[in-house]
Amino acid sequence: MTPEAIRVISQLRREFYSGFAAAMNMSVSITTSHPSTGNPPIAFWLDDRQQFNYLRVFAYKAPDELLPERPFILRVSVNKGGGIATAAKWRRGCRGMNQGWDFELTVLPEEILDFLPWLVSLVKSQENGSASYSPEPPHPFYFKPSNVSSNQEIWTQKAWQESKLSHIPVGVGL
């Protein structure tokens, strides 16, 4: 990643995690591991069933020195990804990781903070066992799911378009 992309994702991650922790109305911890170790910071909490849950914000695609024109696309994941057990300290009374639900949302950097209240509502509806979650997202999705909780990976329209445009080989006419 370019130094600017690293700076932007670090700032957005801090803002997103702190906003998420404040909006959840429960104890949410944020790890402070350095992204260069391969374990970027995460936000984690125990749900009502005392299961470990976590949220990560990371670069799905980002410009770098070799490909400075590569789009900058972020991913927000909940309960998805490896190496989390070693990245976070388990709390007393924890009954293991929540393996019953995971979710990924792929967005552009300018969209991510708009999704904060939406994602908090989604997480809370999952914890409450609500089977039908469908508030309007702040940015249109690539597809309009009838039941968001049954879909594990969702993209915004703009993120999907940016990702697909980046696959066009140089010199090919449209």
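The text that follows walks through the structure, step by step, so that each part is easy to find. Given the structure is predicted, the values throughout are model-derived calculations rather than measurements.

**Some remarks on the overall build of the protein**
Of regular secondary structure, the protein possesses five helices and six strands. Counting from the amino terminus, the protein carries its helices and strands in the arrangement α-β-β-β-β-α-β-α-α-β-α. For the protein, buried positions account for 45% of its 174 residues. Counting contacts in the protein only where the partners sit at least 6 residues apart, residues at least 24 apart contribute 58% of the total.

**Looking at the environment of phenylalanine 58**
By secondary structure assignment, the location of phenylalanine 58 is in strand S3 (residues 52-61). Along the sequence, phenylalanine 58 and serine 10 sit 48 residues apart, while their C-alpha atoms lie 9.1 Å from each other.

**Considerations on the side chain of threonine 156**
One can find threonine 156 in the loop between strand S6 (153-155) and helix H5 (157-165). Polar contacts involving the side chain of threonine 156 include one to the main-chain amide nitrogen of alanine 159, which spans 3.2 Å. Aside from chain neighbours lying at most four places away, what touches threonine 156 is Thr106, Val107, Leu108, Glu111, Phe115, His139, Pro140, Phe141 and Tyr142.

**What about the sheet that holds strand S2 (residues 42-46)?**
With respect to topology, six strands assemble into an open sheet ordered S1-S2-S3-S4-S5-S6, the strand pairing being mixed. Every interior strand has two partners, whereas the edge strands, strand S1 (29-30) and S6, have only one. Contacting S3, strand S4 (73-78), strand S5 (103-107) and S6, H5 runs over the sheet at an angle of about 85 degrees to S6.

**Remarks on unusual backbone geometry**
Although it is not a glycine, asparagine 25 adopts a positive phi angle of roughly 55 degrees. Note on placement: asparagine 25 falls in the loop between helix H1 (3-23) and S1. On the basis of relative accessibility, which here comes to 66%, the residue asparagine 25 falls in the exposed class. Unlike most non-glycine residues, glutamine 50 shows phi in positive territory, near 65 degrees.

**Observations regarding the nonpolar core**
One finds Phe16, Phe20, Leu55, Phe103, Leu105 and Leu119 to be the most contacted residues of the largest nonpolar core, which totals 32 residues. Looking at this core, the elements that each hand over two or more residues are H1, S2, S3, S4, S5 and helix H4 (116-127). With seven residues, H1 is the single largest residue contributor to this core. Setting aside residues up to four positions removed in sequence, leucine 55 forms contacts with Phe16, Tyr17, Phe20, Ile42, Ala43, Trp45, Val76, Ser77, Val78 and Leu119. Core analysis: the second largest hydrophobic core is formed by five residues, Ile42, Leu46, Phe52 and Tyr54 among them.

**Considerations on the packing of aromatic side chains**
Counted under the stated rule, the structure contains 11 aromatic pairs. Seen in terms of ring centroids, phenylalanine 115 and phenylalanine 141 are 6.0 Å apart; in terms of plane orientation they differ by 20 degrees. Their pairing is stacked. Linking phenylalanine 115 in the loop between helix H3 (109-112) and H4 with phenylalanine 141 in the loop between H4 and S6, this pair joins segments that are 26 residues apart in sequence. Over the ring of tryptophan 160 we find lysine 164; its NZ or CZ atom is 4.5 Å from the centre of that ring.

Cut-offs applied
- Residues numbered from 1 in each chain as written.
- Predicted model: local features only at pLDDT ≥ 70, side-chain atom pairs only at ≥ 80, totals over all residues.
- Heavy atoms only, no water.
- Helix = DSSP H or I, 4+ residues; strand = E, 2+ residues; numbered from the N terminus.
- Buried < 20%, exposed > 50% of the residue type's maximum accessible area, 1.4 Å probe, protein only.
- Contact = heavy atoms within 4.5 Å.
- Polar contact = N/O pair within 3.5 Å; in protein donor to acceptor, adjacent residues only side chain to side chain.
- Pairing = 2+ DSSP bridges.
- Axes fitted to C-alpha atoms, helices over the stretch in contact; angles between N-to-C directions.
- Core = buried A, V, L, I, M, F, W, Y, C linked by side-chain atoms within 4.5 Å.
- Phe/Tyr/Trp six-rings, centres within 6.5 Å; stacked < 30°, edge-to-face > 60°.
- Lys NZ or Arg CZ within 6 Å of the ring centre and 35° of its normal.

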